[in-house]
Amino acid sequence: MELDETDLSIVRELQTDGRLTYETLAQRVGLSRPATRMRVQRLQESGAVRVVAIVHPAVRSLSASAHLSIATEGGAGEVARAIAALPQAPFVTLTSGRWAIMTELRTAGFGELDRTIERIRATPGVSAVDSLVATRHVKDPYLLTEEPTVALQDEVDERILAALEEDGRLPFAELAPRVGLSAGATRSRTLRLLDGGVAKVVALVRPDVLGMGFLCGFSLRVTGEASAVAAVVERFERVTFLSTCLGRAELVGTITAESTGAVLHTLEGLRGLPAVRDVESWFHLELIKERYDIGARPA
């Protein structure tokens, strides 16, 4: 799908706040309200953009996460799709290099994390699994890093979150009958959850749509404190995800770039850091799954 500058402006605004009103969005991009609405709907219907609520992991009791590198016997596609069927796996890709599949896991505690990893090891076609257990998410385009300042009140709040996880731009008038409140009460409840850091509504955009179609994962072995190196790496413009971890490396992250040259430039910058002892990298070739509604209850 070809996007012009106005489309790109709309996408960038929705990445910051997915529930911007059409009136506000129209003013910011210089279109009429009907034209803006039409553009947003076209972007969503094309599959290039999904606007959804991302709920804070603490609300879903997701206290453990890990990055898995997976080798396979034979083709990797079917194995990746089997892993993508696991509710604990929000992100699954086919990759280049030593490992055929990369996946992220988010679970309710380390017991569930261990059981999920063992289940993946037992998946037909999996020959090896290497785990990097996250200790701190340093940079994430979707994850809420600050603790929520409000708590869920009841099942109504749960139903609001579940509905917004499917469609983050659902109008209050349509959301209200789903949760059993008036439109005004639904608006008040929803804003309380969003303003209180329980969730945020963002646009999930395929990187290629923004001209950033090259995704490169990396892991770093470092000397000294990993947090100090992470503080430097997170300032790299094209590093869009970064976590400190336990395992074969101290940091794991993702580069999102417009070309292989830009990827190489970023990798060279990482290699040039005095505290970095080793850099491993891989390309994400095909996105199999990207969903962050783990633990959501049916709307």
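The structure we're discussing is the one just above.
Summarised in this report is the structure supplied together with it. In this text, all values refer to a predicted model and were calculated from it rather than measured experimentally.

**As for the packing of aromatic side chains**
Move 1: Scanning the model with the defined rule gives zero aromatic pairs in all.
Move 2: Geometry around F172 places R19 over its ring, the cationic atom sitting 4.7 Å from the centre.

**Brief notes about the sheet that holds strand 4 (residues 101-107)**
By definition, the strands of a sheet pair up through backbone hydrogen bonds, in either a parallel or an antiparallel sense.
Move 1: Overall, antiparallel pairing links the eight strands, which are arranged 2-4-3-10-7-9-8-5 in a closed barrel. The mean inter-strand angle of the sheet, taken between neighbouring strand axes irrespective of direction, is 35°.
Move 2: Judged from the seven bridges that link them, strand 7 (residues 214-222) and strand 10 (residues 276-290) form a sheet pairing that is antiparallel. Looking at the pairing, F218 lines up with S281 of strand 10.
Move 3: Its contacts with the sheet place helix 4 (residues 77-84) against strand 2 (64-72), strand 3 (91-95), strand 4, strand 5 (126-139) and strand 10, and it is angled at close to 170° to strand 3.
Move 4: On top of the sheet, helix 9 (residues 226-233) reaches strand 5, strand 7, strand 8 (239-246), strand 9 (251-257) and strand 10; it is set at about 175° to strand 8, its chief contact.

**Notes on the nonpolar core**
Move 1: Formed by 30 residues in total, the largest nonpolar core has its most connected members in I10, L14, V49, I160 and L175.
Move 2: Mapped by element, the contributors of at least two residues to this core are helix 1 (5-16), helix 2 (22-29), helix 3 (33-46), strand 1 (49-55), helix 6 (155-166), helix 7 (172-179) and strand 6 (199-205).
Move 3: Ranked by residue count, the leading element in this core is helix 6, at five residues.
Move 4: Those residues in contact with I160 that lie beyond four places of it in its chain are L175, V179, R189, T190 and L193.

**Regarding the side chain of E165**
Move 1: Relative to the helices and strands, E165 resides in helix 6.
Move 2: A polar contact is formed between the side chain of E165 and the side chain of R60, at a distance of 2.9 Å.

**Thoughts on the pairing of strand 6**
Move 1: Most of strand 6 sits out of view: six of its seven residues are buried.
Move 2: Where strand 1 meets strand 6, seven bridges bridge the pair, whose relative direction is antiparallel. Opposite I54, over in strand 6, you have K200 as the bridge partner.

**Topic: unusual backbone geometry**
Move 1: Not every positive phi belongs to a glycine, and S61 is a case in point at roughly 60°.
Move 2: Relative to the elements of secondary structure, S61 occurs in the loop between strand 1 and strand 2.
Move 3: The partly exposed category is assigned to S61, whose relative accessible area is 46%.

**Considering the pattern of salt bridges**
Move 1: One pass over the full model with this rule turns up 20 salt bridges.
Move 2: Between R291 and E166 there is a salt bridge whose closest N-O contact spans 3.1 Å. Of this pair, R291 sits in the segment after strand 10 while E166 sits in helix 6, and the two are 125 residues apart along the sequence.
Move 3: Relative accessible area serves as the criterion here: at 30%, R291 is assigned to the partly exposed category.
Move 4: Close ionic contact of E280 with R248 constitutes a salt bridge, the shortest N to O distance being 3.1 Å. With E280 in strand 10 and R248 in the loop between strand 8 and strand 9, this residue pair connects regions lying 32 residues apart in the sequence.

**Topic: the side chain of E104**
Move 1: Mapped onto the elements, E104 comes out in strand 4.
Move 2: Taking the relative accessible area as the measure of exposure, E104 reaches 11% and is therefore buried.
Move 3: Only 2.6 Å separates the side chain of E104 from the side chain of R106, close enough to count as a polar contact.

**Quick word on helix 3**
Move 1: In a regular helix each residue adds 1.5 Å, so 14 residues correspond to 20 Å; helix 3 covers 20 Å between its end C-alpha atoms and thus fits that length.
Move 2: Among all positions of helix 3, only T36, R39, V40 and L43 are buried. Down the axis, helix 3 shows its buried residues gathered within 95° of arc, on one side only. Counted as exposed and oriented over 90 degrees from the buried face of helix 3: P34, M38 and E45.
Move 3: Looking at the buried positions of helix 3, the neighbouring elements they touch are helix 1, helix 2 and strand 1.
Move 4: Capping of helix 3 at its N-terminal end is provided by S32; its side-chain oxygen lies 3.2 Å from the backbone amide nitrogen of A35.
Move 5: Note on helix 3: the residue one or two positions beyond its end, G47, has a positive phi of about 85°.

**A word on the environment of A84**
Move 1: Here A84 is to be found in helix 4.
Move 2: When the C-alpha atoms of A84 and E147 are compared, they prove to be 28 Å apart, with 63 residues separating the residues in sequence.
Move 3: With near-sequence residues (within four places) excluded, A84 lies in contact with A89, V92, I288 and K289.

Thresholds applied
Residues numbered from 1 in each chain as written. Predicted model: local features only at pLDDT ≥ 70, side-chain atom pairs only at ≥ 80, totals over all residues. Heavy atoms only, no water. Phe/Tyr/Trp six-rings, centres within 6.5 Å; stacked < 30°, edge-to-face > 60°. Lys NZ or Arg CZ within 6 Å of the ring centre and 35° of its normal. Pairing = 2+ DSSP bridges. Helix = DSSP H or I, 4+ residues; strand = E, 2+ residues; numbered from the N terminus. Axes fitted to C-alpha atoms, helices over the stretch in contact; angles between N-to-C directions. Contact = heavy atoms within 4.5 Å. Core = buried A, V, L, I, M, F, W, Y, C linked by side-chain atoms within 4.5 Å. Buried < 20%, exposed > 50% of the residue type's maximum accessible area, 1.4 Å probe, protein only. Polar contact = N/O pair within 3.5 Å; in protein donor to acceptor, adjacent residues only side chain to side chain. Salt bridge = Lys/Arg side-chain N within 4 Å of Asp/Glu carboxyl O. Expected span 1.5 Å × (residues − 1). Arc of directions from axis to C-beta.

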